[in-house]
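Okay, here's what each chain looks like letter by letter:
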Amino acid sequence: MAPGLIFRFFPKESPVHSLDARFKILILVSLSISIFRASWTALILLLILSLFLALLGKPPLKYLFRDLKGILFLFLLIFLGFSFSTPGEPSFFPGFSWQGMELAILFCLRLFIVILGGNLFLSTTSIPRIQAALRWYFRLIPFLPAEKLAVLLGLILNLFPVLLEEYGKISEAQAARCFHRVRNPLKRILATAFPLLVNTLTRGNTLAMAMDSRCFTEKRGFASLRAGLSDWIFGIGSALLPPFLVFLL
Amino acid sequence: MPILETKNLEHRFPDGTLALKGISLALEEGDFLIITGKNGSGKSVLVRHFNGLLSPTGGEVFYRDKPVGKNLLMVRQRVGMVFQDPDSQIVGQTVWQDTAFGPENLRLPEGEIHKRVENSLRSMGLEHLKDHRPATLSGGEKKKLALAGILAMEPEIIIFDEPFEGLDYPGVVMVLTQITGLHQKGHTIVIITHEVEKSLAHANRLLILDQGRIVRQGTPEEVLPDLESFGVRAKPFTPDRIGEMSWLRV
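These remarks concern the structure in this document. (Residues numbered from 1 in each chain as written. Chains lettered and ligands numbered in written order. Predicted model: local features only at pLDDT ≥ 70, side-chain atom pairs only at ≥ 80, totals over all residues. Heavy atoms only, no water.)

**Examining the interface of chain B and chain A**
What counts is decided by this rule: For this analysis, residues touch if any pair of their heavy atoms sits within 4.5 Å. Computed with a 1.4 Å rolling probe, the buried area is the accessible surface lost when two parts are put together, summed over both parts. In the sections that follow, a salt bridge refers to a side-chain nitrogen of Lys or Arg positioned within 4 Å of a carboxyl oxygen of Asp or Glu. Each polar contact in these results corresponds to two N or O atoms within 3.5 Å; when the atoms are within protein, one needs to be able to donate a hydrogen and the other to accept it, and residues that are neighboring in sequence are counted only if both atoms are side-chain atoms. Starting at the N terminus, helices and strands are each numbered in turn, a helix being any DSSP run of H or I of at least four residues and a strand any DSSP run of E of at least two. Ten residue types, Ala, Val, Leu, Ile, Met, Phe, Trp, Tyr, Cys and Pro, are classed as nonpolar, four, Asp, Glu, Lys and Arg, as charged, and the remainder, Gly among them, as polar.
Contacts between the two partners involve 31 residues from chain B, matched on the other side by 27 residues from chain A. Around 2500 Å² of area is buried between chain B and chain A when both sides are counted, 56% of it from carbon and sulfur atoms. Counting across the interface, chain B meets chain A through one salt bridge. Taking the shortest distance from any N to any O, the salt bridge between Arg214 of chain A and Asp98 of chain B comes out at 3.6 Å. Taken together, the connections running from chain B to chain A amount to seven residue pairs in polar contact (both at pLDDT 80 or more). Looking at the side of chain B that touches chain A, the elements with two or more residues in it are helix 2 (72–78), helix 3 (95–105) and helix 5 (139–151) of chain B. Among the elements that make up the side of chain B that touches chain A, the one with the highest residue count is helix 3 of chain B (seven residues). Considered class by class, the residues forming the side of chain B that touches chain A number 11 nonpolar, 11 polar and nine charged.

Written out as structure tokens, the structure reads:
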């Protein structure tokens, strides 16, 4: 099985790749906050904006949709949960309310936009640039250990693909021994979680040792950030658009 | 003066297991040393003391007469280590970023980092892959990337932990060519392996570890007859024909 490609960096030449990471963070935060106050019309427009930006980032669409299929299960759970638990007018399906279904679709749409935005950010921004941008923001907050926090968050982002890879390997090994026939959900969770934890810790330990042997320090050099005029126009414009749409519509 | 020296080195794990006992060895500049032994004989534990990744529980390790434990930053620059599994040591999202990881930690100026990364990638023949994601490289290329990341720190000694593990024949030849090339350029080489046949023809010293102790050391010709009695395959070598058995010969 090829490792999951969602939330992974793809080095390419695109306007989104070259945009200063500080503006990308600003856009992502602005989008994430705005969608929770957005009406249906604003939400649809924000979805179109997110898809447009996502396409500008030249993502590997084929693999992205394959990986997104894994998240469909999460959407299904959310849909069922909201539809069952929200009181309202009964719908065509017994136990589901119209209001619950509407709320479920709204919530799934918001979540989809956040995932799309998060993936766009991580697939077009290298970790050194993310670290440099985070340090820049953290430095604005007094008494915050900006360097340490930025490096720590960068390491977490680095370890995320390791976790996915290990999960993929364990799933394959289990499938090879007919694990799909086990129906007990607790047994399924334990049989995956335990080796995942052990493997991740072991690999994390080796990685830490390898980083130590290459003189790793939290006071390492940070990537330089340069914002040109186009960054300011595109960045500020894109960051202001979501709250503006929410306010208008 | 030895470039690296251990004096009566001992390492005991927290659970009480004695991994190394009474290890005294001196590595001279330009040496090509192979450390071999069965699984669990202490090979990896030993070399992790060479650049201070592990601290001895007894005895001492010196790099050019300076205690390793008190000069960690300098020693880790000068003693590079290529780990067994390249996947677990690659930290960059691209080949370029991974190679730059070490020089960035050293807080070198941007121009110097650029120069070192370019030189390392060129010497490993990876410059055309500099924007690729490491996950897309072959096993041999990943080993070369791991080596490029070490070379960018300009080490004197390079330690290879099982460098041929999991590689096909062309992969072994590719990695061995790089190792011998580095040795010819003046680097001191240490290889730990239980597959001595792949690199023995190029070594000038061979050391056998067994149960955490050095049981034999000397030239390959001197040590070879005892290899199999310590669980390491010696065939197809005979002491008088070691030099002819290189995997790099056509």
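**Things to note about the side chain of Thr6 of chain B**
Residues and elements named next belong to chain B. The following threshold applies: The buried label goes to any residue with under 20% of its type's maximum accessible area, the exposed label to any with over 50%, and the partly exposed label to all in between, with areas taken from a 1.4 Å probe on protein chains only.
Structurally, Thr6 is set in strand 1 (residues 4–12). Overall, the relative accessible area of 2% leaves Thr6 in the buried class. A distance of 3.0 Å separates a polar atom in the side chain of Thr6 from the backbone oxygen of Ile23. Excluding its chain neighbours within four sequence positions, the residues that come into contact with Thr6 are Ile23, Ser24, Leu25, Phe50, Glu60 and Val61.

**Some thoughts on helix 3 of chain B**
Along helix 3 of chain B, 10 of the 11 residues are buried, which leaves the element largely enclosed by surrounding structure. Residues of helix 3 of chain B that are buried: Val95, Trp96, Gln97, Asp98, Thr99, Ala100, Phe101, Gly102, Pro103 and Asn105 of chain B. In the core, the buried residues of helix 3 of chain B are packed alongside helix 6 (127–138) and helix 8 (185–213) of chain A together with helix 4 (110–123) and helix 5 of chain B. In the segment just after helix 3 of chain B, Arg107 of chain B is the residue with positive phi, at about 55°.

**Focus on the side chain of Arg205 of chain B**
All names here are of chain B. By the element assignment, Arg205 lies in strand 9 (residues 205–210). Of the polar contacts made by the side chain of Arg205, one reaches the backbone oxygen of Ala26; its length is 2.6 Å. If we ignore the near neighbours within four places in the chain, the residues touching Arg205 are Ala26, Leu27, Glu28, Asp31, Phe32, Leu33, Ile34, Gln217, Gly218 and Pro220.

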